[in-house]
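Geometric and topological summary
Listed here are the chains, written in short residue letters.
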Amino acid sequence: MIEVLERERTFHLSTEHTSMILHVMESGHVVSLYWGGKVYGKEFSYIVDELKKASYLAWTDGNRNFRLEQYPVLYPVFGNPDLRSPALHLRYEDGSRITNLRYSSYRVLSGKQKIPGLPTVMDRSEDGKESDEATLELVFADRSRGIRLKLLFSVFGKHDAITQSAVLINDSKGSVWVEKVMSACFSFLADEFDCITLTGAWAREFRRTRQSLRQGKFLVDSRRGASGHGQNPFLALTDPGCTEDTGNVYGMNLVYSGSFEASVEVDMQHNTRMMMGIQSFDFSWELHSGEEFYTPEAVLVHSDRGLNGMSQIFHRLYRERLMPPNWAERPRPIAVNNWEATYFDFDRKKLLDLADEAAGIGAELFVLDDGWFGHRNSDGSSLGDWKVNEEKLGGSLKNLGQEMKERGLGFGIWMEPEMVSPDSDLFRAHPDWIIAAPLEEPQVARNQYVLDLSRKCVREFVIEAVAEILEGGVIDYVKWDMNRNITDAFSGELFPGNQKELMHRYMLGLYGILEELTERFPEILFEGCAGGGGRYDPGMLYYMPQIWVSDDTDAIERLRIQDGASLIYPSVSMSCHVSAVPNHQIGRITPLKTRGIVAMQGVLGYEQDLTKCTEKGKKELAEQIGYYKTVRHIMQEGTFYRLRAGENDYAWMHISRDGSEILAGYVQVMAKPNTVPERLQLKGLEEKAWYALEGTDIVRTGSQWIHCGLELDQSMEDYHAVQWGLRRVEMP
Ligand code: GLA
């Protein structure tokens, strides 16, 4: 809900459990008075009126008692007396970088509007129900420069989330250069926070990093042309003592898949400012007269129920308002992917043998990974030549797809459409289509170049090349991969003065391609991948409802990776495969049961040579799949809780949407000698309801499972895993 208190010059944005209060000061600067648990009342400006004046800071508008730098400025602009990091930095034709934006008007719009060209959280209040989504548009103007800024806040009441984005409008006669434009910024009159980010690298994505803030600036960013393995476009501030279930958390996540920056600054007055948006390093966008520039949007989530509370809000919002609606609710097929089974070394017989085994254990989808096109038998060639290698496949793709259908399996393929190999017909025909610097030998990574998607002709080629493969109805699934980042950032089509626009234009180009393909092929399930989790972000989730979390398929490594991803992304978006042992990435040998339980935290799949499995092994796989089919809706639609995330043990659970079914998983990494008996406390159950533990005759109340917990056996095994199902029952 958005309440406008005209007399108080205050905007009260409220969701079911949170409030955000914005206020227009006499000077026309807008400040953020409050964001947090729900508050009631009209007058909040005392929060800034009662600020004690600090010394030495610049006066504002000639008023010695008004020092803007002390105030929680909502969207700070370079050029005014607030000398902390700005959210907006413009440059004008006369060389000036000074912008003086003041509040001019507001509008309240019902629902949530799409941002042109960019993925966004959507208003999906269809089925005739009243929407509880509304948007506040605050307009600021610099009249001498002819610049307007619109800040858009969309409130998702039931979902407890707010999105923020900005639009810049150039009403002047000349060009204006946008050097920095953040999507969201929030300033707190406090500095007692911990800061949580997700860091890592290839094969060890999504490490939780937590540190307490000190005076100074902390930045997490990507300059890679993708959100990246090493950082996620996410930042959360928490109370220092915040736990999984208690304390305040303020999370921000950017709906964007390219280079970004997220920063938090503690200033000399002990105030904290967090912001997030497109990477400003090497960014500069020429905004011509009459043009508008749209930032991606940031999602702002506050929870006073700790990190689980924040995660649950993100999960629900992304499932119900971000992911493609026709896929969000559909049971995700259990895939068998041939990558770790065969790598590039396959022929028709190997694929069909694998498919026979896949069908035999109850899988639902066969995914043909890399190596089916051009003459690609290694990563050394053929990207861009999206023509089926019929010799290798022993027939057409359609024919192979039909074979899969005859076995009762869906059929999926791998593609990497953003790339081209130097050894490809496409590159030989269009060497100028790649991103490469003039006078330099283009850099290769994984033997490939990045196509310049800022160019229309390149985008048209990609769309048609992919569509040609997908047409004909035999393909049910596409794994859309992206295996290198952008170096040599230079486009042959942009003017010299506009080269710094390339990274963002690439993303706009990619989103345009995905928009068209997902619209043309709504029945195809797209899975995002970027050498694992190198581009796992809300921008991708808007088009692709599941993403390959990591190339690391080792169950123990996956514990940490999936734990970190679960901070923001719903389980149903996490693609998790059971692979062979010793594990191909790190050589570890773990029990099949453990691999299965860990993969069942998300969308289960298999990636191993099933033709080499023993009968006993296959029976166990079939049992795993059979069980997963009975519980996948719990994972897919349910509420997720992290129960433990220690160095040596991890535990999590899902509660089905109707609250009647519970699935909990636990892994002990290393066995411990001579320990005290331990119990695993569950969360989120109804205290007075009764729940039966499946496979036993134990029936206890929710409060008993919550407070007294489940018995954890003292296993002598390393990598030991347990899974429990509980079901709500009538009082026994
Ligand atoms: C990337 C992906 C893998 C696999 C290979 C194929 O590395 O992350 O899963 O698809 O490409 O080349």
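Everything in this summary refers to the structure shown in the same document. Positions within a chain are numbered from 1, following the residues in the order the chain's sequence is written. Per-residue local features are limited, in this predicted model, to residues with pLDDT of at least 70; the limit for side-chain atom pairs, both in listing and counting, is 80 or more; totals at the level of whole chains, interfaces and linings are taken over all residues. Each side-chain value is derived from all of the structure's non-hydrogen atoms; neither hydrogens nor water enter the calculation.

1. Some thoughts on the overall build of the chain
Just so we agree on the cut-off: Helix numbering and strand numbering both begin at the N terminus, where a helix is a DSSP run of H or I of at least 4 residues and a strand a DSSP run of E of at least 2. Just to be clear, the radius of gyration here is over C-alpha atoms, and the globule rule we use is 2.2 Å times residues to the power 0.38. Each residue is placed in one exposure class: buried if its accessible area under a 1.4 Å probe, protein chains only, is under 20% of its type's maximum, exposed if it is over 50%, and partly exposed if it falls in between. Contacts between residues were defined by any pair of non-hydrogen atoms, one from each residue, lying within 4.5 Å. All accessible-area figures derive from a Shrake-Rupley calculation using a 1.4 Å probe, and residue coverage is judged against the displayed protein chains alone.
Helix and strand counts for the chain come out as 15 helices and 38 strands. In terms of overall dimensions, the chain is globule-like: its C-alpha atoms have a radius of gyration of 27 Å, near the 27 Å expected for 732 residues. With the C-alpha coordinates aligned to their principal axes, the bounding extent of the chain is approximately 85 × 70 × 50 Å. Each of the 732 residues in the chain was classed as buried or not, and the buried ones make up 62%. Within the chain, contacts between residues at least 6 apart in sequence are counted, and of these 69% link residues at least 24 apart. Element-wise, carbon and sulfur atoms account for 51% of the exposed surface of the chain, whose accessible area totals about 27,500 Å².

2. Topic: the sheet that holds strand E29 (residues 574-579)
As a reminder of what qualifies: Two strands are said to pair when DSSP picks up at least two bridges between them. Interaxial angle, 0 to 180 degrees, is taken between N-to-C directions of lines fitted to C-alpha atoms, where a helix line uses only the stretch in contact.
A barrel is described by the order of its strands in space; here 8 strands give the closed sequence E21-E22-E23-E26-E27-E28-E29-E30, paired in parallel fashion. Adjacent strand axes in the sheet meet at a mean angle of 30 degrees, parallel and antiparallel pairs treated alike. As paired elements, strand E22 (residues 365-368) and strand E23 (residues 410-415) share 4 bridges and run parallel to each other. Across the sheet, residue Val367 finds its bridge partner in E23, namely Gly412. Strands E29 and strand E30 (603-607) of the sheet are contacted by helix H14 (residues 615-637), whose axis makes an angle of about 155 degrees with E30.

3. Some thoughts on the site of the ligand
Heads up, the condition is: Throughout, near means a residue has at least one heavy atom within 4 Å of the molecule or strand. N or O atoms within 3.5 Å of each other form a polar contact, as long as, within protein, one can give a hydrogen and the other can take it, and as long as residues adjacent in sequence are counted only when both atoms are side-chain atoms.
Residues in close proximity to the ligand total 13 residues, the closest being Asp369, Asp370, Lys479, Asp481 and Asp551. With respect to the ligand, the side chain of Asp369 contributes an N or O atom lying 2.7 Å from an oxygen atom. Within the backbone of Gly532, a nitrogen or oxygen atom sits 3.2 Å from an oxygen atom of the ligand. Coverage of the ligand by the protein amounts to 96% of the 310 Å² it exposes when considered alone.

4. A word on the packing of aromatic side chains
Put simply, the test is: Geometry of aromatic contacts follows a simple scheme: Phe, Tyr and Trp rings, the Trp one being its six-membered ring, pair when their centres are within 6.5 Å, and the pair is stacked under 30 degrees between planes, edge-to-face over 60, tilted otherwise.
Scanning the entire structure with this criterion turns up 30 aromatic pairs. Ring centres of Phe11 and Tyr103 lie 6.4 Å apart, and the angle between their planes is 55 degrees; this geometry places the pair in the tilted category. One end of the pair, Phe11, is in strand E2 (residues 10-14); the other, Tyr103, is in strand E6 (residues 102-110), and 92 residues separate them in sequence. Classification of Phe11 by relative accessible area gives buried; the value is 2%. Between Tyr542 and Tyr543, the ring centres sit 4.8 Å apart and the planes meet at 85 degrees, which makes this aromatic pair edge-to-face. In this pair, the class of Tyr542 matches that of Tyr543, namely buried. In textbook terms, an aromatic cluster arises when at least three aromatic residues are bridged by ring pairs, as seen for Phe206, Phe234, Phe314, Tyr318, Tyr536 and Tyr569.

5. Regarding the side chain of Ser222
Looking at the element boundaries, Ser222 is found in the loop between strand E13 (216-221) and strand E14 (234-238). At 3.2 Å, the side chain of Ser222 forms a polar contact with the backbone nitrogen of Arg224. Apart from the residues within four sequence positions on either side, Ser222 is in contact with Ser227, Gln231, Ser259, Phe260 and Gln279.

6. Looking at the side chain of Thr590
Structurally, the position occupied by Thr590 is in the loop between E29 and helix H13 (592-599). Residue Thr590 is classed as buried on the basis of its relative accessible area, which comes to 4%. Leaving out residues up to four positions away in the same chain, Thr590 has contacts with Asp554, Ala555, Ile556, Val581, Arg595 and Tyr719.

7. Focus on the nonpolar core
Applicable threshold: Here, nonpolar core refers to any group of buried Ala, Val, Leu, Ile, Met, Phe, Trp, Tyr and Cys residues whose side-chain atoms link them within 4.5 Å.
In this structure, Leu368, Trp372 and Ile413 are the most contacted members of the largest nonpolar core, which totals 179 residues. With 21 residues, the next largest nonpolar core counts Ala651, Leu682, Leu685 and Leu712 among its residues.

8. Comments concerning the environment of Lys150
Of note, Lys150 is situated in strand E8 (residues 147-156). Separated by 18 residues in sequence, Lys150 and Leu168 have C-alpha atoms that sit 6.5 Å apart. When near neighbours in sequence (up to four residues on either side) are disregarded, Lys150 contacts Glu137, Leu138, Val139, Ser165, Ala166, Val167 and Ile169.

9. Structural notes on the pairing of strand E10 (residues 176-188)
Two faces belong to every sheet, and in a regular strand the side chains alternate between them. With 13 of 13 residues buried, E10 lies mostly within the body of the structure. Looking at chain direction, strand E5 (residues 88-92) and E10 are connected through 5 bridges and run antiparallel. If you follow Arg91 over to E10, its bridge partner there is Trp177. Sheet analysis places E10 next to strand E18 (residues 285-287), joined by 3 bridges and oriented antiparallel. Within the sheet, the bridge partner assigned to Val178 lies in E18 and is Trp285. In terms of strand pairing, E10 meets strand E17 (residues 272-278) through 6 bridges, oriented antiparallel.

10. Topic: the packing of helix H9 (residues 456-470) against helix H10 (residues 502-520)
Cut-off, in case you're wondering: We call two directions roughly parallel when the angle between them is under 35 degrees, roughly antiparallel when it is over 145, roughly perpendicular when it lies between 65 and 115, and oblique otherwise. Each crossing gets its handedness from the near helix: less than a right angle anticlockwise from the far helix is left-handed, clockwise is right-handed. By the convention adopted, Pro, Cys, Tyr, Trp, Phe, Met, Ile, Leu, Val and Ala count as nonpolar, Lys, Arg, Asp and Glu as charged, and the other residues, Gly among them, as polar.
At a minimum axis distance of 10 Å, the contact between H9 and H10 shows a crossing angle of 30 degrees. As judged from the angle between their axes, H9 and H10 are roughly parallel. The handedness of the crossing between H9 and H10 comes out as right-handed. Touching Arg459, Val462, Ile463, Glu464, Val466 and Ala467 of H9 are Gly509, Ile513, Glu516, Leu517 and Arg520, all from H10. Its residues assigned to classes, the contact of H9 with H10 shows 6 nonpolar, 1 polar and 4 charged.

11. Some remarks on the environment of Val39
With respect to the helices, strands and loops of the structure, Val39 is situated in the loop between strand E4 (30-37) and helix H1 (46-49). When the C-alpha atoms of Val39 and Ser14 are compared, they prove to be 8.8 Å apart, with 25 residues separating the residues in sequence. In this structure, Val39 is in contact with His12, Ser19, Ile21, Tyr34 and Phe44, ignoring residues within four places of it in sequence.

As far as function goes, none of this settles anything; it's purely spatial.
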